[in-house]
There are 2 protein chains.
Amino acid sequence: MGHTPTTARGRATRGRILDAAADLIQRHGVAAVTLDAVERAAGVGRSQLYHYFDDRDDLIRSVVHATVDKVLAAQEPLLLEVGSLAGIERWFDAIVANGTRQDAVGGCAIGSLASQLGGQDELTRQAFVDAFARWEAPLIAGLRWMQESGELRPDVDVTELADLTMAAIQGGLLLAQIRRTPDQLRHALNGARAALKDALTSPP
Amino acid sequence: MGHTPTTARGRATRGRILDAAADLIQRHGVAAVTLDAVERAAGVGRSQLYHYFDDRDDLIRSVVHATVDKVLAAQEPLLLEVGSLAGIERWFDAIVANGTRQDAVGGCAIGSLASQLGGQDELTRQAFVDAFARWEAPLIAGLRWMQESGELRPDVDVTELADLTMAAIQGGLLLAQIRRTPDQLRHALNGARAALKDALTSPP
DNA sequence: GAAGCTCTGTACCATGAGATACAGAACACC
DNA sequence: GGTGTTCTGTATCTCATGGTACAGAGCTTC
């Protein structure tokens, strides 16, 4: 898997390559990631690419892993507070804000990658399965905690609720990306919020 | 946009090309659609491709339009009955069945295409905007009808409900496709169903 | 059955893009 | 400051792939 850089300069270069490639994918799809384009965008020569990555596929895979780590790291502080309705709402708000921010491009980086590369090789697909699992796990844990502490009705299926939430996020982001407006995402998350409130023991 | 075939043989050939290309996209992504691959899969020579399509891009665009029409045509009979809870539930069941059927590949053909080509040119993106609008319109109309006839509470936002539903479908299909199991899709639609029931005037 | 279409088969071209070779610069370490 | 390692620049090769040329088969129509 190429050389892992040891010097600061090396890490910076590898990072620039990864960022440039990720940006190209996000904006114009995987097909737009030609080595020439990456070089231009990253301000880097051909030899650097092959110094840090085995080949193009290795680069793409690395982008996937980097993106997954980055997105999940960004989510982490919010996902830790998901054990309460207020925490979940903060999480939703952040997602909507995030989807709105990136000038109308939006879309979930992981979801976007997933639908482009999910049908690729088994290894890449597995990476996305793991990514979504890591993403959903804190939510399930939080909901379960709420259920055990009596906030949530005992008869609701927490995995079902979590799956709905994840689907609403992904679907909302996809549709918002196509329509270039965050409305759909907001609506979808409002719906998920309603479903959550509906499962509370004490209706608000 | 190439020659539109006039003979039966011509239509069959053009159809085979379109089917083969659609299949390749669905299974291995747009990048896998090389002209050689299409020829092999469709049992067709290079000259046929350029007889019926201007170039590769035209072929891809044609696949998009054909897929949209096909999916929407398949949905149509169910979408006409969406003016009642029972009709909506039949629609959901069909979607789940459809997502389950295609041997674990699944995924929404339109959604999959959309996330691969949505960031492409403006024209293609618009095609998807239209597709989703055409898809969602009957649902909104049905919900509005239910609201006017008193089945649905007057204070609920029908577009919000419809957006949640569409997002649940798309997100559920995406996640089900990645995980190769229809559970997530089923869960997501159960959630959407719950949200719908919650909006009814007479709780079931 | 001949003309004039639509449709098909094969060979070929041009070039974009992935990959390689190799030398030289920058840096770390003693 | 010398030496080995990491990192970078440039030129080049190779080949897959989109695109073209052109002849020939197969209908349809008169």
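Thresholds applied
Residues numbered from 1 in each chain as written. Chains lettered and ligands numbered in written order. Predicted model: local features only at pLDDT ≥ 70, side-chain atom pairs only at ≥ 80, totals over all residues. Heavy atoms only, no water. Contact = heavy atoms within 4.5 Å. Buried area = accessible area lost by both parts, 1.4 Å probe. Salt bridge = Lys/Arg side-chain N within 4 Å of Asp/Glu carboxyl O. Helix = DSSP H or I, 4+ residues; strand = E, 2+ residues; numbered from the N terminus. Nonpolar A, V, L, I, M, F, W, Y, C, P; charged D, E, K, R; others polar. Domains from an automatic or database assignment. Least-squares fit on C-alpha atoms with pLDDT ≥ 70 in both. Near = heavy atom within 4 Å. Polar contact = N/O pair within 3.5 Å; in protein donor to acceptor, adjacent residues only side chain to side chain.

The name given to chain A in an unreviewed UniProt entry is HTH tetR-type domain-containing protein, with the source organism recorded as [Actinomadura] parvosata subsp. kistnae.

**Q** Can you walk me through the interface of chain B and chain A in this structure?
**A** Interfaces are frequently sized by the accessible area removed from exposure as the parts join. Across the contact, 38 residues belong to chain B and 38 residues belong to chain A. Both sides together, the interface formed by chain B and chain A hides about 3200 Å², and carbon and sulfur atoms give 60% of it. Summed over the three residues of chain B that lose the most area to chain A, namely B:Ile178, B:Arg179 and B:His187, the buried surface amounts to 19% of that side. Scanning the region where chain B abuts chain A turns up four salt bridges. Close ionic contact of A:Arg180 with B:Glu122 constitutes a salt bridge, the shortest N to O distance being 3.9 Å. Mapped by element, the contributors of at least two residues to the side of chain B that touches chain A are α1 (8-28), α6 (109-117), α7 (122-148), α8 (158-179) and α9 (183-198) of chain B. Among the elements that make up the side of chain B that touches chain A, the one with the highest residue count is α8(B) (14 residues). Looking at the side of chain B that touches chain A residue by residue, the classes come out as 14 nonpolar, 15 polar and nine charged.

**Q** Is there a simple way to explain the domain arrangement of chain A in this structure?
**A** Residues and elements named next belong to chain A. One can read the domain layout of chain A as domain 1 (1-54) and domain 2 (60-198). Contacts between the two partners involve nine residues from domain 1 and, on the opposite side, twelve residues from domain 2. Taken together, the two surfaces of domain 1 and domain 2 that pack against each other cover about 850 Å², and 68% of this comes from carbon and sulfur. When the area that domain 1 buries against domain 2 is broken down by residue, the three leading residues are Ile25, Gln26 and Val30, summing to 61%.

**Q** What's the story with the relation of the copies chain B and chain A in this structure? I'm lost.
**A** Note: a rotation about an axis with an accompanying shift along it relates these two copies of the chain. Least-squares fitting of chain B to chain A yields an RMSD of 0.1 Å, with the transformation described by 0.0 Å of translation along the axis and a rotation of 179°. The superposition of one copy onto the other is thereby described by a two-fold rotation axis. Among all residues of chain B, the one whose C-alpha sits closest to the rotation axis is B:Gly171, at a distance of 1.9 Å. A share of 100% of the interface residues of chain B reappears at the interface of chain A, consistent with the copies meeting face to face through the same patch.

**Q** Looking at this structure, I do not really get the protein's contact with DNA strand D. What am I missing?
**A** The local shell around DNA strand D holds 19 residues, among which A:Thr13, A:Ser47, B:Leu35, B:Arg46 and B:Arg56 are the closest. Backbone atoms, meaning sugar and phosphate, form 55% of the atoms of DNA strand D found within 4 Å of the protein. At 3.3 Å from a phosphate oxygen of DNA strand D is found a main-chain nitrogen or oxygen belonging to A:Thr7. B:Leu35 is positioned such that a nitrogen or oxygen atom in its backbone is 2.7 Å from a phosphate oxygen of DNA strand D.

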